[in-house]
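Close look at the chain arrangement
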Amino acid sequence: MPLLNTLLRDYGMVFVLLLLCAFFSVVTISDQSPRGEAAAAQVAADIKKSHGPAPQVLLAVGDQPDDAAFASSLERILSAQGARVAAVARGEPKDARQAMETLAAAGTRLDVIACTPAARSWLVFAQVDRDFPALGTPHLLAPRSYRWPNFLKSENLLNITNQIAVIAIIAIGMTMVIITGGIDLSVGSLLALSAVLTARFIRDHAGGVDASAGGMVLCALAAIAACSAVGAFSGLMITRFRIPPFIVTLAMMLVGSGLAYTLAGGQSIYQLPESFIWLGRGADLAGLPNAVVLMLALYAAAHILMSRMKLGRHLYAVGGNREAARLSGVAVPRVLMTAYIVSAALAGLGGVIMASQLKSGSATYGNMYELYVIAAVVVGGASLSGGAGKMPGTLIGAFTIAVIQNGMNLTNVESYTQKVVLGLVILGAVLLDTLRHRHAGTSTP
Amino acid sequence: MPDPPPPLLEMSGIVKSFPGVRALRGVNLRLAAGEVLALLGENGAGKSTLIKVLGGAQSADEGAISLNGRPVTLRSPQEARRAGIAVIYQEFNLVPGLTAVENIFLGRESTRAGFLARTDERRRIDALFQRLGADFDPAVPCRALTTAQQQLVEIAKALAFEARLLVMDEPTAALTAHEVDRLFTLIRDLKRRGLGIIYISHRLEEITTLADRVTILRDGRNVGERPIADITRREMIEMMVGRELQDEFPPRTPALGEVRLEVRGLRRGRAVRDVSFDVRRGEIVGIAGLVGAGRTETVRLLFGADAREAGDIRLDGRPLDLRSPQDAINAGIGLLTEDRKHQGLVLAHSVRDNFALPNLDRLSRHGFVRQPQEREEFARYVDRLGIRIPHQEQHAGNLSGGNQQKVVLAKWLARNCEVLLFDEPTRGIDAGAKYEIYQLLNDLAAHGKAIIMISSELPELIGMADRILVMHDGRLTGEITDARHATQEAIMHLAIA
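Attention now moves to the overall build of chain A. When helices and strands are tallied, chain A shows 19 helices and 6 strands. In terms of C-alpha radius of gyration, chain A reaches 29 Å, well past the compact-globule figure of 22 Å for 445 residues. Expressed along its principal axes, the backbone C-alpha trace of chain A runs to roughly 95 × 65 × 40 Å. A separation of at least 24 residues holds for 79% of the contacts in chain A among residues at least 6 apart in sequence.

If you tally the helices and strands in chain B, you get 18 helices and 24 strands. The C-alpha atoms of chain B give a radius of gyration of 24 Å, which matches the 23 Å a tight globule of 497 residues would have. Each principal axis of the C-alpha distribution contributes one length, and for chain B these read about 75 × 50 × 50 Å. Looking at chain B as a whole, 46% of its 497 residues qualify as buried.

Take the domain arrangement of chain A next. Each domain of chain A was delimited in the assignment, giving domain 1 (36–144) and domain 2 (154–440). Spacing between the C-alpha centres of domain 1 of chain A and domain 2 of chain A amounts to 53 Å.

Another aspect to go through is the confidence of the model for chain A. Mean pLDDT over chain A: 88, with 95% of residues reaching 70 or higher. Note that pLDDT drops below 50 for residues 440–445 of chain A; the model gives that stretch 14 contacts with residues more than four away or on any other chain.

Next up on the list: the sheet that holds strand S6 (residues 85–88) of chain B. All names here are of chain B. Taken together, 6 strands build an open sheet; the order of strands is S6-S9-S10-S3-S11-S12 and the sheet is mixed. Two strands close off the open sheet at either side, each with one partner strand: S6 and strand S12 (221–227). Each adjacent strand pair in this sheet contributes to an overall mean axis angle of 15°, direction not counted.

What follows concerns the interface of chain B and chain A. At the junction of the two partners, chain B supplies 33 residues and chain A supplies 24 residues. Of all the elements in the fold, those that place two or more residues in the side of chain B that touches chain A are strand S2 (21–31), helix H1 (47–54), helix H10 (325–331), helix H11 (340–344), helix H12 (351–356) and strand S20 (368–369) of chain B. Looking at side-chain class alone, the side of chain B that touches chain A contains 18 nonpolar, 13 polar and 2 charged residues.

The subject of this paragraph is the domain arrangement of chain B. Residues and elements named next belong to chain B. Domain boundaries assigned for chain B yield domain 1 (9–241) and domain 2 (259–496). Computed over C-alpha atoms only, the centres of domain 1 and domain 2 are separated by 32 Å. Every contact between the two is made by 11 residues of domain 1 and, on the other side, 12 residues of domain 2. If you tally residues by element for the side of domain 1 that touches domain 2, the top one is helix H8 (residues 233–241), at 3 residues. Taken together, the residues of the side of domain 1 that touches domain 2 break down into 6 nonpolar, 4 polar and 1 charged.

On to helix H9 (residues 295–302) of chain B, then. All names here are of chain B. With 8 of 8 residues buried, H9 lies mostly within the body of the structure. Within the span of H9, buried status applies to Arg295, Thr296, Glu297, Thr298, Val299, Arg300, Leu301 and Leu302. Taken from the residues just after H9, Gly304 is the one with a positive phi, measuring 75°.

What follows is about the packing of helix H4 (residues 118–132) of chain B against helix H5 (residues 147–160) of chain B. Residue and element names in this part refer to chain B. It is at 10 Å that the axes of H4 and H5 come closest, and there the two elements cross at 115°. Judged by the twist between their axes, the crossing of H4 over H5 is right-handed. Each of Arg124, Ile125, Leu128, Phe129 and Leu132 in H4 lies in contact with H5, whose residues at this interface are Leu152, Ile155, Ala156, Leu159 and Ala160. Residues of the contact of H4 with H5, tallied by class, amount to 9 nonpolar, no polar and 1 charged.

Residue and element names in this part refer to chain B. Counting buried residues in strand S3 (residues 36–40) gives 5 out of 5 residues, a clear majority hidden from the surface. Going residue by residue along S3, you find Val36, Ala38 and Leu40 tucked away on one face and Leu37 and Leu39 tucked away on the opposite face as well. Where S3 meets strand S11 (residues 213–218), 4 bridges bridge the pair, whose relative direction is parallel. Counted as the bridge partner of Ala38 is Val214 from S11.

Okay, the packing of helix H3 (residues 36–51) of chain A against helix H4 (residues 65–81) of chain A next. Residue and element names in this part refer to chain A. It is at 8 Å that the axes of H3 and H4 come closest, and there the two elements cross at 35°. For the pair H3 and H4, the crossing hand works out as right-handed. Contact residues: H3 offers Gly36, Glu37, Ala39, Ala40, Ala41, Val43, Ala44, Ile47 and Lys48, while H4 offers Asp66, Ala69, Phe70, Ser73, Leu74, Ile77, Leu78 and Gln81.

Residue and element names in this part refer to chain A. Note on placement: Leu349 falls in helix H16 (residues 332–358). Given 27 C-beta atoms within a 10 Å radius, Leu349 is considered buried. As a C-alpha pair, Leu349 and Leu221 span 128 residues in sequence and 8.4 Å in three-dimensional space. If near-sequence neighbours (up to four positions away) are discounted, Leu349 is found in contact with Ile169 and Ile224.

Residues and elements named next belong to chain B. Model confidence for chain B is summarised by a mean pLDDT of 87, while 97% of its residues fall at 70 or above. Least confident of the elements in chain B is strand S7 (residues 111–112), whose mean pLDDT is 71; most confident is strand S22 (residues 450–454), at 95. Scoring the predicted complex yields pTM 0.76 and, for the interface, ipTM 0.76.

A few words now on the sheet that holds strand S4 (residues 112–115) of chain A. In sheet architecture, strand pairing relies on hydrogen bonds along the backbone and comes in two forms, parallel and antiparallel. Residues and elements named next belong to chain A. Taken in spatial order, the 4 strands line up as S3-S2-S4-S5 in an open sheet, and their pairing is parallel. A strand with exactly one partner marks an edge of an open sheet, and here the two such strands are strand S3 (84–90) and strand S5 (139–141). Strand after strand, the sheet turns through a mean of 20° between neighbouring axes, direction not considered. The pairing of S4 with S5 spans 3 bridges and is classified as parallel. Looking at the pairing, Ile113 lines up with Leu140 of S5. Sheet strands in contact with H4 are strand S2 (56–61), S3 and S4, and its direction is about 170° off that of S2. Contacts between helix H5 (residues 93–105) and the sheet are confined to S2 and S3, with S3 contributing the most and set at about 150° to the helix.

Residues and elements named next belong to chain B. The residue Gly242 is located in the loop between H8 and strand S13 (259–268) in this model. Given 12 C-beta atoms within a 10 Å radius, Gly242 is considered exposed. Sequence separation between Gly242 and Val223 is 19 residues, and the spatial gap between their C-alpha atoms is 8.9 Å.

The next point concerns the nonpolar core. In terms of nonpolar packing, the biggest core is built from 186 residues, with Ile167(A), Ile170(A), Val373(A), Ala376(A), Leu421(B) and Ile451(B) touching the most fellow members. By residue number, the principal contributor to this core is H16(A), which donates 16 residues. If we ignore the near neighbours within four places in the chain, the residues touching Ile451(B) are Glu283(B), Ile284(B), Val285(B), Leu420(B), Phe422(B), Leu441(B), Leu444(B) and Ala445(B). Ile51(B), Leu67(B), Ile125(B) and Leu217(B) belong to the second-largest nonpolar core, a separate cluster that totals 67 residues.

Both faces of the sheet carry side chains from a regular strand, because those side chains alternate between them. Residue and element names in this part refer to chain B. Where strand S23 (residues 467–472) and strand S24 (residues 475–480) come together, 5 bridges link them in antiparallel fashion. Residue pairing in the sheet places Met471 in a bridge with Leu476 of S24. Between S23 and the antiparallel strand that follows it, S24, lie 2 residues; Asp473 among them carries a positive phi value of about 55°.

Cut-offs applied
Residues numbered from 1 in each chain as written. Chains lettered and ligands numbered in written order. Predicted model: local features only at pLDDT ≥ 70, side-chain atom pairs only at ≥ 80, totals over all residues. Helix = DSSP H or I, 4+ residues; strand = E, 2+ residues; numbered from the N terminus. Rg over C-alpha atoms; globule rule 2.2 N^0.38 Å. Contact = placed C-beta atoms within 7 Å. Buried ≥ 20, exposed ≤ 12 C-beta atoms within 10 Å, placed from the backbone. Domains from an automatic or database assignment. pLDDT = per-residue confidence, 0-100. Pairing = 2+ DSSP bridges. Axes fitted to C-alpha atoms, helices over the stretch in contact; angles between N-to-C directions. Nonpolar A, V, L, I, M, F, W, Y, C, P; charged D, E, K, R; others polar. Left-handed = near helix turned anticlockwise from the far one by under 90°. Core = buried A, V, L, I, M, F, W, Y, C linked by C-beta atoms within 7 Å.

In structure tokens form, the structure reads like this:
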């Protein structure tokens, strides 16, 4: 299969990622009970199967939010099926006892008591036929539990994507920089700077908690623009004065972090409107978090840029052989400038998203993020010597890191141990990739 | 009568395969002590693989190697070195930041009580340098040395550890004529001291003057072995290419038009001093001179690759202000650099990407590359130039020198350049591909292009150029208008000035 071969060659890390997912799926298998509407549908089907279409039913649920959804949706389905819901007991065991006493007094016979898994173990239901002989011998029914990995629950999977969105978005710019043969250590600090700037702009200039949507967008754009200016400055130092990128961006990392602390006055800025969390916590498109949608859109655009556009070719050429690119008429300084500006701008965007997720701006955000971002890019197969790397690879790299972190959280690995494991896994993943390339690489005489 | 002593080196039935390629198919080679054996063959004939096997850099799949009659296995460069085999590859193995002394003793530093015995090392090097006639300071970093000096360091490295067998791969590729003379004197001296020397070169004149015997490889097999006295230059070429050769240079009937390129008072530091000349439509102008005479620097100024301090450049009467290669490319000037690997190609990228690089503005719309058009256009040039590649995604680094040069040429032809600057266009290219490149040059000239060609191979300049400019020490020191009847002596006389 040529498609499989291409996938293997370009994105071998996919298999490491799948292997990790499989591993964490196996180790996090546990009992799951359905809740809410899903549970109601299942119980309704069970009732219909065992008692025909028209039994007498008592509903008994606790006082959790899911329980109310379960009760109301079960009541609706049962009525539609033609069953008679004799009573609905919500709250505590004593509410259920009261309901049963009322029903017994009225001489109602019950066929089924439908309840939540928690209510099923209530003492009041232990011996219904002896305590309330008037009700007959009702059958106690609760949603059946099933075995499923905690890792593969849809909330958890969304959680992973949501957590990695910021790192993955910044990794787009980092991939471009690394493909040119450079590095950008300033992204973590620029993230913090952007979060603080966005929050300050909103607090001081857009009306704080009463800020309008347009005002907030302008504030975020201003913060991103400020980060881009830092990126442009780095690019200028690198191209005009030929200072190594490592040193320039190391300096900018300190400058950015220091500025962020100064501007934040050493504390978090939280005077932000409720609606500010739309970007970071909202989920408007088919249940996907907005940050994840934005991330996917940016990756699609970046992939097209790198594989189909002139600028992408130039980035690869500059990283592959700068002198050959220059002598082929590539405007090397402009290409490098673009890479560092994009990297800084995306770090700024990451800051806005993080401020939105946490509904505040703080200079402590993004600490060590540059390292996670670089790790994602490298795990994704880009070469630190430049000229090679792909956007989908970086996305896979980011997910690999997220899955490892999430999996260890689910399996209660201590956070210090997590760092050790993460470090070793990154090394192992890249080692595997290198060996695979060496094996596949054809040497010529 | 006693048996003759076993030869210094005997390699027999050497087979080596790479994925998809059988590089060596049973090669035999003998070398006696005190003998210079020339190893000849086109690129891809298996010479490099054979010496890598000998140097321990690659291990043979089959075959036996014996030294002085004793079988040896050479599994690593260290083992080969211990066995007394020193290989000097075309790209030197020197650490640029270390001095000659440090490089020579690298990995085998002599120590006294754990400290480097520096005076001891230095004394040995001084003795060695004197023997080699090396008159430079061994305490300066190697990056500050000329190519010839670095080569001497490599030779000193081999001798410092008592090599009995010295392999030299294209040792004169980057040397000036004078340096070549000194190298030959040295090789003859080493030979007298009983070293066996395997000498690889594309320059047949060198082989004729230097070697005792020649072994010729083609397609991974031996195709001939003769004492040098019993073989003509023509026979050597014919054995290499496997067919009878008519002429080294294609016939050329120049049709010169009006002046296209005018260069006046070009200047940059000490490298280029007040250089003025013209190139006509349909003309091939050769530039001769020693390495460092300012030839490469001159064409780089014409391409905007370096900034000029003074000078006017006009193309078809229009003055050009070239501040970057982009400006030159937009004006219709193309440069084929002398160093394809470092300046001409992105080796790790596909040949098609390399081809497209200077043409992307033409091949893209609204920033998007029009890939079908790109593929089709490249295919046309692959056809036209006879570039031999399995597919367009082939990495440029995996091609032979001739094919690489054709890819670089395709880059500029697709740009429709009016002025083409060729810096050593046939360096490291085998005889068959050279002829094709010459034909392309003629073809371009016939289409009215103005061509400048730098070459260190004087026969090539005489055979191809209509006019030859000679440079020395940054200046034009002469012009030979009737290039066809120039002699190498006349050119050298001007080049040494």
